[in-house]
Amino acid sequence: NGNAVGRTKALSTNILYYSGYTIASQMGKEIGAAEDEVKKMLTKATMLKSAIRSRFWLPDLGYYAYFEDEKGELITQMEGLGVSLALIDEVEQDQDRIGSIFTNIPTMEYGLPCLWPQFYLGPRRGIPSYYHNGLLWPFVQGYWAMAAAKSK
């Protein structure tokens, strides 16, 4: 239902907003924007980073949740892109957590699944239920490789 989706909070989307606020504050400084506008963007970035780190982290699993549903419950599937962005964009800088991510993220023979474990979607009458539900996407592998290189 569209209303429920509109009330969810996805890890990767929140990290992209964090990056946008951070870049906006940097660009504001570069072009000579008003100091209060620059500070406003940086404050939004800082607050969002803190919320991501506290609300999405799954200490029992050792990585970040895929999303928070419309009821505020964490959906514990791992999202390869979101976890990669958390490392690349330095949302996560705690070395213990970074180590935990690399230890606990499920990988497959050829790389990091886009989403894992798979959601059970039931019988679908010939409609594939695996679009990004457990598949390996090349661009996610690229982000995962960048995250690994940056975190080394």
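Here the structure is a predicted model, which is why all the values come from computation and not from measurement.

What follows concerns the environment of G6. Within the secondary structure, G6 sits in helix α1 (residues 2-6). Relative accessible area serves as the criterion here: at 64%, G6 is assigned to the exposed category. Remark: the alpha-carbon pair of G6 and I105, spanning 99 residues in sequence, is separated by 27 Å.

Glancing now at the sheet that holds strand β5 (residues 74-75). The strand order β1-β4-β5 describes an open sheet built from three strands, whose pairing is antiparallel. Each having just a single partner strand, β1 (9-10) and β5 make up the two edges of the open sheet. Pairing analysis gives two bridges linking strand β4 (residues 67-68) to β5, with the strands arranged antiparallel. Its bridge partner lying in β5, F67 is registered against I75.

Attention now moves to the packing of aromatic side chains. All chains considered together, the criterion is met by six aromatic pairs. A centroid spacing of 5.0 Å and a plane angle of 40° characterise the contact between F102 and W144, whose relative ring orientation is tilted. Residue F102 is located in helix α5 (residues 95-104), and its partner W144 is located in helix α6 (residues 138-151); the two are separated by 42 residues in the primary sequence. Accessibility expressed as a relative area gives 32% for F102, which makes it partly exposed. An aromatic cluster of at least three residues, connected via ring pairs, comprises W137, F139 and Y143.

The biggest cluster of nonpolar side chains holds 28 residues, and the ones touching the most others in it are I52, Y64, V83, I101 and I105. Sorting elements by how many residues they give to this core places helix α4 (residues 80-88) first, with six residues. In this structure V83 touches L11, Y64, M78, I101, I105 and W144, once residues within four positions along its chain are discounted.

This part is about helix α2 (residues 11-31). Taking 1.5 Å of rise per residue, the 21 residues of α2 would be expected to cover 30 Å, and the 30 Å separating its terminal C-alpha atoms lies within 8% of that figure. Looking at α2, one finds that the buried residues are L11, S12, N14, I15, Y18, S19, T22, S25 and G28. As for α2, its buried residues are in contact with β1, α3 (35-55), β3 (63-64), β4, β6 (78-79) and α4. Once α2 ends, the next one or two residues include G32, with phi positive near 80°.

Rules and cut-offs
Residues numbered from 1 in each chain as written. Predicted model: local features only at pLDDT ≥ 70, side-chain atom pairs only at ≥ 80, totals over all residues. Heavy atoms only, no water. Helix = DSSP H or I, 4+ residues; strand = E, 2+ residues; numbered from the N terminus. Buried < 20%, exposed > 50% of the residue type's maximum accessible area, 1.4 Å probe, protein only. Pairing = 2+ DSSP bridges. Phe/Tyr/Trp six-rings, centres within 6.5 Å; stacked < 30°, edge-to-face > 60°. Core = buried A, V, L, I, M, F, W, Y, C linked by side-chain atoms within 4.5 Å. Contact = heavy atoms within 4.5 Å. Expected span 1.5 Å × (residues − 1).

Bear in mind that shape data such as this cannot, by itself, settle questions of function.
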